[in-house]
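Reading the structure
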Amino acid sequence: MNGHGISEYPAKTRKYGVFTLSFIIVIGMGFCYVDLFTDAGWKSKWYWLYTAVSVCGLSFFLTGAGRPETGKTFRIGLPDCLLAALVLYCLSRAAAGQFAEAFLMRCTAFLPIYCLAGRVVRNRSFEPLSAAVAASALLLALYGIAQYAGLLPAGKTFRVVGNFDNPAGYASMLALSVPFILYFALSGRRRMRYAVGVVCAIVVGAIVLSGSRTGILAVAATGLLYAVRRRSDFLRRTTAWKKIVLAATAVSVAAGLYFIKKESADGRLLIGRCTWEMIREKPLTGHGYRCFEAGYMLRQARYFERNPESGFAPLADNVKHPFNEFLLLTAEFGAVALLLTALWIASLIRAYRKNPNDESYTLATALSAAAALCCFSYPLSYPFTGSIVALAAGGLTAQSRRSCERFRARRASGILAALSSAALLGFAAKEMYYENRWHRVQKTASSDRPPLPEYERLYPFLDKNAYFLYNYAAELNDAGEADKSLEAATACEKMLNDYDVQMLKADAHKKRRDFRRAEACYLLASRMCPGRFMPLYELVNVYDSTNRPDRAQALAAEIADKPVKIPSGLVSAIKIKMRERVGD
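Numbers given for residues are sequential positions, taken from 1 along each chain in its written order. Residues qualify for local features only when their pLDDT is at least 70, as the model is predicted, and side-chain atom pairs are given and counted only at 80 or more; totals for whole chains, interfaces and linings, by contrast, use all residues. Note that the side-chain values use all heavy atoms of the structure and ignore hydrogens as well as water.

**Observations concerning the overall build of the chain**
Helix and strand counts for the chain stand at 24 helices and 2 strands. When a residue's accessible area, from a 1.4 Å probe over protein chains only, is under 20% of the maximum for its type it is buried; when over 50% it is exposed; and in between it is partly exposed. Counting over 584 residues, the chain shows a buried share of 47%. In the chain, the proportion of contacts linking residues at least 24 apart, taken out of those at least 6 apart, comes to 73%. Numbering goes from the N terminus for both helices and strands, where a helix is a DSSP run of H or I of at least four residues and a strand is a run of E of at least two. The criterion used for residue contact is that any of the two residues' heavy atoms lie within 4.5 Å.

Written as structure tokens, this is what we have:
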């Protein structure tokens, strides 16, 4: 090879190598599930990506496969500049908070994919890469169909989820794979188009069975763009009445998706309204990276305090994401980040128009599907979505680098890649180690092996993990350490402030006989989730303990008449007790 890069391999060997490596990485992001961590279905896939990218980066550096070709120069295009500005701005905002390291590591994981995408497109490696994505999607779709048929174990809450924690991640991976499957139908070969049709039918069927409305919408958008590509004069030659029929069909599909889960769709209107309140408070620079979970539920509580009779009250629950990545971006990083993102997307569209071949069209379609998912879900919570966005953006940007500024970077780029890979691998190894220790504590805790000593040893290493802090506070509270529990819960509150945190704090205050603060926490929890019964029931007990029988009796009557959203034995017992109290 003589240090001349991947392109020196014989074409056939290179194709097999690209397919194998791509398939291993992609299949891991879809199937990796290691029951050694908390939230294993989600974290396992991120750890897989971190490990795969860092190992590949170090291997390429040591073998010379990833070095730039001798005498060659990198070119910088407008999309590169805008993306760099966006990342640096967001990193500067993240540095002001507690999660700068986590943000930097995610950027480090996607940067090699972005940088190598242009080489993949130029060196005729796009076909084996697309084949790897298509093969992974087919296996994942068959896995979900087998779950639906009862041949494989279904998910705990949802039936068709593959190896994901819920249908959103499963459907987003399948939907983003469809453009790469359709790439093979653009060649015009009839047998290939038949095979593509079969694979697409299986993948789309799995998405429908998962019940993900956003996945169905993304696939519909992809299908429409593909139809326009195949029949470029379709819209121009379509008569007016056919356009009306098409528009009516689109409206009917959208309405059908809305009414399939009307309560869920209405709940997202509430989430959007409360997220907008967050944005209005800091419109330019936002609240900071990962501040949504710390601030959103307070705005939801404020909304119901001002609108106690709102029809949204029965739908309200804990919210950890606004179901719109652009809203989340604006809430955390402000309008500056949103503007930079819009300019970056516009530059990618311009880059596509410079060279609209089959490869760039596939990448543009994948980005369009990702944008559709981002408008109604949380696809960037999963590594496959970020990888596809990085791949598509890098591939399209490579199309616009012909007449742009250039700079030389041979040895320095290799050293930087090796250092970044080593840092990413170290970060992933450290996080996996402590996450595994915490997971073992949760699995093995018993009266003979109390978890508190191990929690105390893990605290210095997991003090930025809100869910660890919540569990630590709960263990302290159960052990009668109310003061220490409140300290841990207060630290958790800065990163995660929801119904459960407020209920935990209220119980700790009650054990300390601080009924005034307990009342405040129960009231806040009730306003966060007005449909819940426990905070109201506990408030009755607080009023009894503070000798306020009139308020206790009035609230007991309110609980007795309160409609039930989700029936349960606990709710039934509370209502019976309150009815007996008021004399019904």
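**Remarks on the nonpolar core**
Buried Ala, Val, Leu, Ile, Met, Phe, Trp, Tyr and Cys residues that are joined via side-chain atoms within 4.5 Å together make up what is termed a nonpolar core. Within the largest apolar cluster, 79 residues are counted, with the highest numbers of intra-cluster contacts made by Tyr50, Leu174, Phe180, Ile181, Val203, Leu363 and Phe384. Counting residues per element, this core draws most heavily on helix H6 (residues 167–182), which supplies 11 residues. Not counting residues within four places of it along the chain, the set of residues in contact with Ile181 comprises Ala134, Ala137, Val196, Val199, Cys200 and Val203. Counting 40 residues, the second-largest nonpolar core is a separate cluster that includes Tyr296, Met528, Tyr543 and Ala552.

**Brief notes about unusual backbone geometry**
Phi at Arg290 takes a positive value of approximately 60 degrees, unusual for a residue other than glycine. In this structure, Arg290 sits in the loop between helix H11 (262–281) and helix H12 (292–306).

**Re the packing of aromatic side chains**
Pairing of aromatic rings covers Phe, Tyr and Trp, the last counted by its six-membered ring, and requires centre-to-centre distances within 6.5 Å; plane angles under 30 degrees mean stacked, over 60 mean edge-to-face, and any other angle means tilted. Tallying each qualifying case throughout the model produces 26 aromatic pairs. With 4.9 Å between their ring centres and 70 degrees between their planes, Phe37 and Tyr47 make a pair best called edge-to-face. Of this pair, Phe37 sits in the loop between helix H1 (11–31) and helix H2 (40–63) while Tyr47 sits in helix H2; the two residues are 10 residues apart in sequence, bridging distant segments of the chain. Its relative accessible area of 8% is what places Phe37 among the buried residues. For the ring pair Tyr50 and Phe427, a centre distance of 6.0 Å and an interplane angle of 70 degrees mean the geometry is edge-to-face. Here Phe427 lies in helix H16 (residues 411–444) and Tyr50 lies in helix H2, a separation of 377 residues in the sequence.

**Points about the pattern of salt bridges**
Opposite charge on two side chains permits them to pair, given that their charged atoms come into close proximity. The rule for a salt bridge is simple: a side-chain nitrogen of Lys or Arg has to be within 4 Å of a carboxyl oxygen of Asp or Glu. Within the structure shown, the criterion is met by 19 salt bridges. Among the ionic pairs, Glu101 bridges to Lys430, the shortest N-O distance being 3.9 Å. Here Lys430 lies in helix H16 and Glu101 lies in helix H4 (residues 100–122), a separation of 329 residues in the sequence. Using a relative accessible area of 42% as the deciding quantity, one classes Lys430 as partly exposed. With a shortest N-O distance of 3.8 Å, Glu305 and Arg527 are connected by a salt bridge. You can see Glu305 sitting in helix H12 and its partner Arg527 sitting in helix H21 (residues 515–528), a full 222 residues away along the chain. Classification of Glu305 by relative accessible area gives partly exposed; the value is 48%. By relative accessible area, Arg527 is classed as partly exposed at 32%. Several salt bridges share partner residues, and in doing so they unite Asp483, Arg512, Asp514 and Arg517 into one network.

**As for the side chain of Glu332**
Note that Glu332 resides in helix H13 (residues 325–354). Buried Glu332, no salt bridge; nearest opposite-charge side chain is Arg290, N-O distance 7.1 Å. In this structure, Glu332 is in contact with Arg93, Thr285, Gly286, His287, Gly288, Tyr289, Arg290, Cys291 and Phe292, ignoring residues within four places of it in sequence. The charge count includes Lys and Arg as positive and Asp and Glu as negative, but it does not include His or the ends of the chains.

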